[in-house]
Amino acid sequence: MLWLSRFAIVLAFVVVVLGAFTRLTEAGLGCPDWPGCYGFLTVPTAEQIDTAHARFPEQPVEAQKAWNEMIHRYFAGTLGLVILALAIGGVRTSQQREEKIFSFVAISTHTSALLLLVIFQAILGMLTVTMDLKPIIVMGHLLGGFSIFVLLVLLERRLVKQNADSAEHSSEVQVNKLMLATAAVSGLLIIQIALGGWTAANYAALTCTQLPICEGDWQNKLDFAQAFSPTPHAETYQYGVLDYAARMTIHVTHRVGAIIVTLALLFYCVLLWRAKIFTKQLISINFLLFMQISLGISNVVMSLPLAVAVAHNAVALLLLSSLIITWHKVSLISKVQVQQKQSPQILLPVKELS
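Basis of the calculations
- Residues numbered from 1 in each chain as written.
- Predicted model: local features only at pLDDT ≥ 70, side-chain atom pairs only at ≥ 80, totals over all residues.
- Heavy atoms only, no water.
- Helix = DSSP H or I, 4+ residues; strand = E, 2+ residues; numbered from the N terminus.
- Polar contact = N/O pair within 3.5 Å; in protein donor to acceptor, adjacent residues only side chain to side chain.
- Contact = heavy atoms within 4.5 Å.
- Disulfide = S-S within 2.5 Å.
- Buried < 20%, exposed > 50% of the residue type's maximum accessible area, 1.4 Å probe, protein only.
- Phe/Tyr/Trp six-rings, centres within 6.5 Å; stacked < 30°, edge-to-face > 60°.
- Core = buried A, V, L, I, M, F, W, Y, C linked by side-chain atoms within 4.5 Å.
- Salt bridge = Lys/Arg side-chain N within 4 Å of Asp/Glu carboxyl O.
- Axes fitted to C-alpha atoms, helices over the stretch in contact; angles between N-to-C directions.
- Parallel < 35°, antiparallel > 145°, perpendicular 65-115°, else oblique.
- Left-handed = near helix turned anticlockwise from the far one by under 90°.

With respect to the side chain of Lys-329
Positionally, Lys-329 belongs in helix α11 (residues 306-342). Separated by 2.7 Å, the side chain of Lys-329 and the backbone oxygen of Ile-277 make a polar contact.

Shown next, in the form of structure tokens:
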């Protein structure tokens, strides 16, 4: 089951990246129906073009966009089947083992939650198409993909039998402080990711073309009411329906959020450094933070090149996963400390966590 969880992680990462690629290449409506494409299981061939046009006369076939969308669906469907296998395996594993994932959630519950989330994600995928890229649905679909990946990473960590680094060192770690800090920083990052999804879904990524915030008299043009209210009804939301002021407000909010999250992560890294036993996590978070800042600046300076924009999504996913892995490690240390208090004479084995 461990190897299957790792395969699912790789597959989920590919699905998220393909989702970003599909969105950024304007291929979200490359196939106007779901789950097929113009009524077919694949992109219409030359012999099927006339039939496809007859079914959807207002949406002519654009083969490249259609393939972008269908490849994303094929990978997502495969991921769903893999997670179904994990859910079945989770039931069997839980019947053989009594261990818990967060000290209260069994493996079978974890894999079942993953399966339910995949089903919900499929529904969001359908609504993304049938509701013509409505921003709230597009953003929800993005967050759903991130959630699936994070839960798979946690499952893989759960399946690897590991203890905290050292009973000697773990006893010196202020677990409660670290867990609170990890939860707070993770929460801020999730909000920032949601803002990024909202920015992309409303086509606001190129609204501001200067650094550090925006050009011109942007302070007097802010319109939060329109920017973050339910999107007005439209026949299609492709290319956006909000005016400049609303899009600029979304973009500025995302940039301000990036500054806040960066400062929070730097402070968090200081806490990890002081704890002395989170070397791998500290290096990972610092590296990914540097990459994300560089990619964000590049998106502005280079006017949102496709490769950079897709990488910006991918690194955000990896950064969130690094925080979740750190939280998992802190929770293991907390368990060690509880065991030490109950049996202070017992020294638990040392094993470095990935």
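A few points about the environment of Gly-140
Its place among the elements puts Gly-140 in helix α5 (residues 135-159). Sequence separation between Gly-140 and Trp-198 is 58 residues; the distance between their C-alpha atoms is 9.2 Å. Leave out the neighbours within four places in its chain, and Gly-140 touches Gln-121 and Leu-124.

Focus: the state of the cysteines
In this structure the tally under the stated criterion is two disulfides. Each sulfur of the disulfide joining Cys-208 and Cys-214 lies 2.0 Å from the other. Torsion about the S-S bond of the Cys-208 and Cys-214 cystine: about -90 degrees, corresponding to left-handed handedness. You'll find Cys-208 and Cys-214 in the same group, each marked buried. Of note for the protein: the bonded cysteines, numbered N- to C-terminal, pair according to 1-2, 3-4.

Looking at the packing of aromatic side chains
All told, the structure shown has four aromatic pairs when counted by the stated rule. Between Tyr-38 and Phe-56 the ring centres are 5.6 Å apart and the planes differ by 90 degrees, which places this aromatic pair in the edge-to-face class. Of the two residues, Tyr-38 is situated in the loop between α1 (2-24) and α2 (49-55) and Phe-56 in the loop between α2 and α3 (63-96); the sequence distance between them amounts to 18 residues. Note on Tyr-38: relative accessible area 1%, which makes it buried. When the ring of Tyr-203 is compared with that of Tyr-239, the centres are 6.1 Å apart and the planes differ by 45 degrees; the resulting orientation is tilted. Pair noted here: Tyr-203 is in the loop between α7 (175-201) and α8 (224-227) and Tyr-239 is in the loop between α8 and α9 (244-275), with a separation of 36 residues, a long-range link. Overall, the relative accessible area of 48% leaves Tyr-239 in the partly exposed class.

What about the nonpolar core?
Membership of the largest hydrophobic core comes to 56 residues, with the highest contact counts inside it found for Leu-79, Phe-146, Ile-148, Leu-152, Leu-265, Phe-278 and Ile-285. Listing elements by their share of this core, those giving two or more residues are α1, α3, α4 (107-130), α5, α7, α9, α10 (279-301) and α11. Counting residues in hydrophobic clusters, the runner-up holds nine residues, among them Tyr-38, Ala-52, Ala-66 and Met-70.

Considering the environment of Leu-242
Of note, Leu-242 is situated in the loop between α8 and α9. For the pair Leu-242 and Ala-227, spaced 15 residues apart in sequence, the C-alpha to C-alpha distance is 7.6 Å. In this structure Leu-242 touches Asn-202, Gln-226, Ala-227, Pro-232, Arg-247 and Ile-250, once residues within four positions along its chain are discounted.

With respect to the pattern of salt bridges
If you walk through the whole model with that rule in mind, you get four salt bridges. Between Arg-73 and Glu-69 there is a salt bridge, with the nearest N and O atoms lying 2.8 Å from each other. A residue pair is termed a helical-turn pair when its members lie 3 or 4 positions apart in one helix, as Arg-73 and Glu-69 do in helix α3 at four residues. There is no split in this pair, since Arg-73 and Glu-69 are both buried. The salt bridge involving Arg-157 is made with Glu-156; its shortest N-O contact spans 2.8 Å. Of the two residues examined, Arg-157 and Glu-156, each falls in the buried class. Salt bridges here are not isolated pairs; linked through shared partners, they connect Arg-6, Glu-156 and Arg-157.

So, the packing of α7 against α9
Running from N to C, α7 and α9 point in directions that differ by 155 degrees, and their axes come no closer than 9 Å. What the angle tells us is that α7 and α9 run roughly antiparallel. The interaxial crossing formed by α7 with α9 has left-handed handedness. Every residue of α9 that contacts α7 at Lys-177, Leu-178, Ala-181, Thr-182, Val-185, Leu-188, Leu-189, Gln-192, Leu-195, Gly-196, Trp-198 and Thr-199 is listed here: Ile-250, Thr-253, His-254, Gly-257, Ala-258, Val-261, Ala-264, Leu-265, Tyr-268, Leu-271, Leu-272 and Ala-275.

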